[in-house]
Amino acid sequence: DAGVTQSPTHLIKTRGQQVTLRCSPKSGHDTVSWYQQALGQGPQFIFQYYEEEERQRGNFPDRFSGHQFPNYSSELNVNALLLGDSALYLCASSLGHNTGELFFGEGSRLTVL
Amino acid sequence: GQQVMQIPQYQHVQEGEDFTTYCNSSTTLSNIQWYKQRPGGHPVFLIQLVKSGEVKKQKRLTFQFGEAKKNSSLHITATQTTDVGTYFCAGNKLVFGAGTILRVKS
C-alpha cells in the first residue's frame with residue numbers, strides 16, 4: 001500500500017518562473033492538503049482539496065493555485081516565483097476533510113534563485 | 001486569523017530526563033493533533049485529541065488537551081535518543097505551531 005507520493009523531490013527555478021508540484025494521496029484517501037515549510041519553521045497551510053474543489057485556504061496569495069483530479073491526486077501551481085517561495089512543499093492526504101490524521105509525503109524541495 | 005504558539009522553541013536534555021512542549025491557540029479548537037518530524041524527514045502523526053480535558057498516553061508519551069480546548073501539552077518521560085526530532089502541534093489540522101526541537105544527549 002503506497003503512502004503519499006510527491007514529485008519532483010527537488011527542483012530549482014528562477015524568479016518569475018512557474019512551477020507545478022504533484023501529489024498522489026494514500027490509497028483510500030479523498031482529501032489532499034498542501035503546506036509550505038520554510039527552514040526551521042512549522043508547516044504553513046496553503047489550501048485543501050476535497051471532491052475536486054478547494055475547501056479551505058490559508059493566507060497565501062493568488063499566485064498559489066491548485067487542482068484535484070477525479071482520482072484524488074492533486075497539483076500545486078505557483079506563478080511568478082519569488083525568492084521567498086523557496087521551501088519544502090508538503091502534501092498531506094486524509095480521509096475526509098474535517099478530522100482524521102494527516103499522512104504527509106516526503107515533500108518537494110523548491111529553490112528559487 | 002487563528003494562531004498557534006508553541007514553547008519552548010528548543011530543548012536539549014540528558015537521556016533519561018523528561019521533556020514537555022506546550023501549545024497555545026488564540027481560539028478554541030475542535031481538535032488538536034501532534035506530529036513528530038525527524039531531521040530531514042516529514043511530519044508523522046502521533047495523536048489527535050478532541051475532547052475537553054482529554055488525556056491520552058502512548059508508552060512514554062502523554063498528551064493533554066486543556067479544559068477550554070485552547071491549549072495542549074506533550075510530555076515525554078525518560079527521553080531516549082530515538083525521541084530526537086521536532087514536535088509540532090496542529091490546531092484543526094490546519095494551523096501548525098512553529099515546533100519544539102528536542103535534542104537528547106546520551
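As a reminder, the structure under discussion sits directly above these lines.
I will try to describe carefully the structure that is included in this document. (Residues numbered from 1 in each chain as written. Chains lettered and ligands numbered in written order. Predicted model: local features only at pLDDT ≥ 70, side-chain atom pairs only at ≥ 80, totals over all residues. Heavy atoms only, no water.)

1. Let's talk about the pairing of strand 6 (residues 53–57) of chain A
Residues and elements named next belong to chain A.
Then step 1. Sheet analysis places strand 5 (residues 44–50) next to strand 6, joined by 4 bridges and oriented antiparallel. Residue pairing in the sheet places Y50 in a bridge with E53 of strand 6.
Then step 2. Here strand 5 folds back onto strand 6 in antiparallel fashion, the turn holding 2 residues, of which E51 has a positive phi close to 55°. (Pairing = 2+ DSSP bridges. Helix = DSSP H or I, 4+ residues; strand = E, 2+ residues; numbered from the N terminus.)

2. Considering the state of the cysteines
Residues and elements named next belong to chain B.
Then step 1. Throughout the structure, instances matching the rule amount to 2 disulfides over all chains.
Then step 2. A sulfur-sulfur distance of 2.0 Å marks the disulfide that ties C23 to C89. Torsion about the S-S bond of the C23 and C89 cystine: about 75°, corresponding to right-handed handedness. Here the residue C23 occupies a position in strand 3 (residues 19–25), and C89 occupies one in strand 9 (residues 85–91), the gap between them amounting to 66 residues.
Then step 3. Note on C89: relative accessible area 0%, which makes it buried. (Disulfide = S-S within 2.5 Å. Buried < 20%, exposed > 50% of the residue type's maximum accessible area, 1.4 Å probe, protein only.)

3. So, the packing of aromatic side chains
Then step 1. By the definition in use, this model includes 11 aromatic pairs over all chains.
Then step 2. Measuring from ring centre to ring centre gives 5.5 Å for Y35 of chain A and F104 of chain A, while their planes differ by 50°; the resulting arrangement is tilted. In this pair, Y35 of chain A sits in strand 4 (residues 31–37) while F104 of chain A sits in strand 10 (residues 103–104), placing the two residues 69 residues apart along the sequence. No difference in accessibility class separates Y35 of chain A from F104 of chain A, as the two residues are buried.
Then step 3. When the centroid spacing of 5.6 Å and the interplanar angle of 75° are considered together, the rings of Y35 of chain B and F45 of chain B count as edge-to-face. Taken together, the residues span a long stretch of sequence, with Y35 of chain B in strand 4 (residues 32–37) and F45 of chain B in strand 5 (residues 44–49) at a distance of 10 residues. (Phe/Tyr/Trp six-rings, centres within 6.5 Å; stacked < 30°, edge-to-face > 60°.)

4. Considering the sheet that holds strand 1 (residues 5–7) of chain A
Residue and element names in this part refer to chain A.
Then step 1. Spatial strand order, 1-3-8-7: 4 strands in an open sheet with antiparallel pairing. Of all strands in the sheet, those bounded by a partner on one side alone are strand 1 and strand 7 (64–68). Pairs of neighbouring strands in the sheet enclose a mean axial angle of 15°, with direction left out of account.
Then step 2. Strand direction decides the pairing type here: strand 1 and strand 3 (residues 19–24), joined by 3 bridges, are antiparallel. Each bridged residue has a counterpart across the sheet, and for S7 the counterpart in strand 3 is R22. (Axes fitted to C-alpha atoms, helices over the stretch in contact; angles between N-to-C directions.)

5. Notes on the pattern of salt bridges
Residue and element names in this part refer to chain A.
Then step 1. In total, this model carries 6 salt bridges over all chains according to the counting rule given.
Then step 2. One salt bridge connects E54 with R57, and the closest N-O pair in it is separated by 3.1 Å.
Then step 3. Residue E54 is classed as partly exposed on the basis of its relative accessible area of 35%. (Salt bridge = Lys/Arg side-chain N within 4 Å of Asp/Glu carboxyl O.)

6. Quick look at the nonpolar core
Nonpolar side chains tend toward joint burial in soluble globular proteins.
Then step 1. Y35 and F104 of chain A together with W34, Y35, F63 and F96 of chain B are the most contacted members of the largest nonpolar core, which has 34 residues in total.
Then step 2. Contact partners of Y35 of chain B, with chain neighbours within four places excluded, come to E101, L102 and F104 of chain A together with P43, V44, F45, L46, T86, Y87, F88, A90 and F96 of chain B.
Then step 3. Grouped together as the second largest cluster of nonpolar side chains are 20 residues, L21, W34, L76 and A87 of chain A included. (Core = buried A, V, L, I, M, F, W, Y, C linked by side-chain atoms within 4.5 Å. Contact = heavy atoms within 4.5 Å.)

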